[in-house]
Amino acid sequence: MAGIYIHIPFCKKACHYCDFHFSTSLKYKEAMVEVLCKELVLRKDEFSGVTVETIYFGGGTPSLLSLEELQKIIAVVYQEYKVIATPEITLEANPDDLTEEKIIALSKSPVNRLSIGIQSFFEEDLEMMNRAHNAKEAQLCLTIAKQYFDNITIDLIYGIPGMSMERWQQNIEYALAHKIPHISCYALTVEPQTALEKLIEKGRVAPVKDSLALAHFEYLIEALEKEGFEHYEFSNFGQSEYYSKNNTAYWLGKKYIGIGPSAHSYNGKDRSWNINNNIKYIKAITENELPSEIEELTTEDRYNEYVMTGLRTKWGVSLTRIKDEFGIKYQEYISVQMQHHLKEKVLNLDKNILTITKKGKFLSDGIAADLFFVD
Ligand code: SF4
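Note that this is a predicted model, so its numbers are computed, not measured.

Visitor: Would you take a moment to explain the packing of helix α1 (residues 29-42) against helix α2 (residues 67-80) for this structure?
Guide: When two helices pack together, their arrangement is given by the angle between the helix axes and the distance between those axes. Close contact between α1 and α2 brings their axes to 9 Å; oriented N to C, the two are set at 10°. It follows from the interaxial angle that α1 and α2 lie roughly parallel. Taken together, the residues of α2 that come into contact with α1 (itself represented by K29, E30, V33, E34, L36, C37, L40 and V41) are E69, K72, I73, V76, V77 and E80. Its residues assigned to classes, the contact of α1 with α2 comprises 8 nonpolar, no polar and 6 charged.

Printed below as a string of structure tokens:
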């Protein structure tokens, strides 16, 4: 089981909170598609003997690509890699790109899962975040997409400055009314060097209190679980059969190749990442060079990553796997470190699997950090 992630580094506008790699100039879009295809060819040996089960177009804004451009990239994947009969092929899309015409065309393409960046159904929130779409487009694209796609997920953001509890509840109600099978929700975080950070520093935007973001999160879990969604990862809620196969493979430590500027890859031992500069990326790939850096992960790094990602999921952290994969030293270490959290009832141990309890959910990253092995 392995996945291919393809990063499309273009956006119409820069959202105030975003620290992903993208350019708002589409000048190099055609050249980019060419070199993405070329990188797929250059790296095919990394997946020799491996079957691709998921293909994920992320960004940036992949829905800025034309259908022909998407199909060209997918064709190269099929040509150069071994792909299962029905892979999950996800396209991240923004509402303003999803006209009825585009949705119909996509539904006839190999893309079988849409991940739509709704973020909020309210104009005030969308303007505050500098999103490219408006509230009407957020609703309309979902109404149309539902007619042509079964597997749809949307992203929503909570803890937005100025977002009341009532507005957040209304957002969830709107999402549920569309009867989509999967929802991802993220707390708005203030990343360094973003426009949002500057707006807060200048006092033009008031920072959100942690207690309000926590209240949003708690309401979210309650409302979605009541509607039959399973909270299977910290930010992800899905009805059975609709979990993200791509992301689940990533959380379970499977291999993936990241194609495109800034994309990360993991081969089971090492992590690598491509340069986050479109022009330098295009130049290097054109000259048959991979513009990437590699980090060899130590056993300690892999143990820490497993604890971090595992505690965020419903599958938790297996103490047996820790012993088998990293060694008895790590199993003994976590067995001591977890005691305090078991007493506090923020962790639960059952059949040698450690999971976060309801009480510990919002604290999972801090708890994981306490279980990290630092030599
Ligand atoms: S559309 Fe997505 S990638 Fe582009 S700026 Fe907004 S949040 Fe970032």
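The structure having been displayed, the exposition proceeds.
Visitor: Which parts of the structure should I look at to understand helix α5 (residues 135-148)?
Guide: In an α-helix, one turn spans 3.6 residues, which is why side chains three or four residues apart end up on the same side. Taken together, the buried positions of α5 are occupied by A135, A138, C141, L142, I144 and A145. For α5, the elements touching its buried residues are α3 (100-107), β4 (113-119), α4 (123-129) and β5 (152-158).

Visitor: Where do I start with the site of the ligand in this structure?
Guide: Surrounding the ligand, one finds C11, K13, C15, Y17, C18, F20, F22, G60, T61, N94 and R131. Looking at side-chain class alone, the shell around the ligand contains 6 nonpolar, 3 polar and 2 charged residues.

Visitor: Where do I start with the pattern of salt bridges in this structure?
Guide: Once their charged atoms are close, side chains differing in charge can pair, the charge on each being opposite to the other. As enumerated under the stated definition, the model contains 16 salt bridges in all. Of the charged contacts, one joins K12 and D97 as a salt bridge, the two residues approaching to 2.9 Å between their closest N and O atoms. Of the two residues, K12 sits in the loop between β1 (2-8) and α1 while D97 sits in the loop between β3 (82-93) and α3, which places them 85 residues apart along the sequence. Each of the salt bridges in this network shares a partner with another, and the network as a whole consists of K12, D96 and D97.

Visitor: Explain the domain arrangement of the chain here, please?
Guide: Often, the extent of an interface is quoted as the loss of accessible area on bringing the components together. Partitioning the chain into structural domains gives domain 1 (2-250) and domain 2 (299-371). In this assembly, domain 1 and domain 2 are joined by 2 salt bridges. Across the salt bridge formed by E233 and R312, the nearest N and O atoms sit 3.3 Å from each other. The tally of links between domain 1 and domain 2 comes to 6 residue pairs in polar contact (both at pLDDT 80 or more). Secondary-structure elements contributing two or more residues to the side of domain 1 that touches domain 2 are α8 (210-226) and β7 (230-233). Tallied by class, residues from the side of domain 1 that touches domain 2 come to 8 nonpolar, 3 polar and 3 charged.

Visitor: Before we go on, may I ask you to explain the nonpolar core in this structure?
Guide: Where a protein is soluble and globular, its nonpolar side chains tend to be buried together. Counting 79 residues, the largest nonpolar core has I6, F57, I116 and I154 as its most contacted members. Sequence-distant contacts of F57, that is, excluding residues within four places in its chain, are made with I6, I8, P62, L70, I73, I74, I89, T90, L91 and E92. Counting 19 residues, the second largest nonpolar core, distinct from the first, contains V307, V317, V346 and L371.

What counts, and at which threshold
Residues numbered from 1 in each chain as written. Predicted model: local features only at pLDDT ≥ 70, side-chain atom pairs only at ≥ 80, totals over all residues. Heavy atoms only, no water. Axes fitted to C-alpha atoms, helices over the stretch in contact; angles between N-to-C directions. Helix = DSSP H or I, 4+ residues; strand = E, 2+ residues; numbered from the N terminus. Parallel < 35°, antiparallel > 145°, perpendicular 65-115°, else oblique. Contact = heavy atoms within 4.5 Å. Nonpolar A, V, L, I, M, F, W, Y, C, P; charged D, E, K, R; others polar. Buried < 20%, exposed > 50% of the residue type's maximum accessible area, 1.4 Å probe, protein only. Near = heavy atom within 4 Å. Salt bridge = Lys/Arg side-chain N within 4 Å of Asp/Glu carboxyl O. Domains from an automatic or database assignment. Polar contact = N/O pair within 3.5 Å; in protein donor to acceptor, adjacent residues only side chain to side chain. Core = buried A, V, L, I, M, F, W, Y, C linked by side-chain atoms within 4.5 Å.

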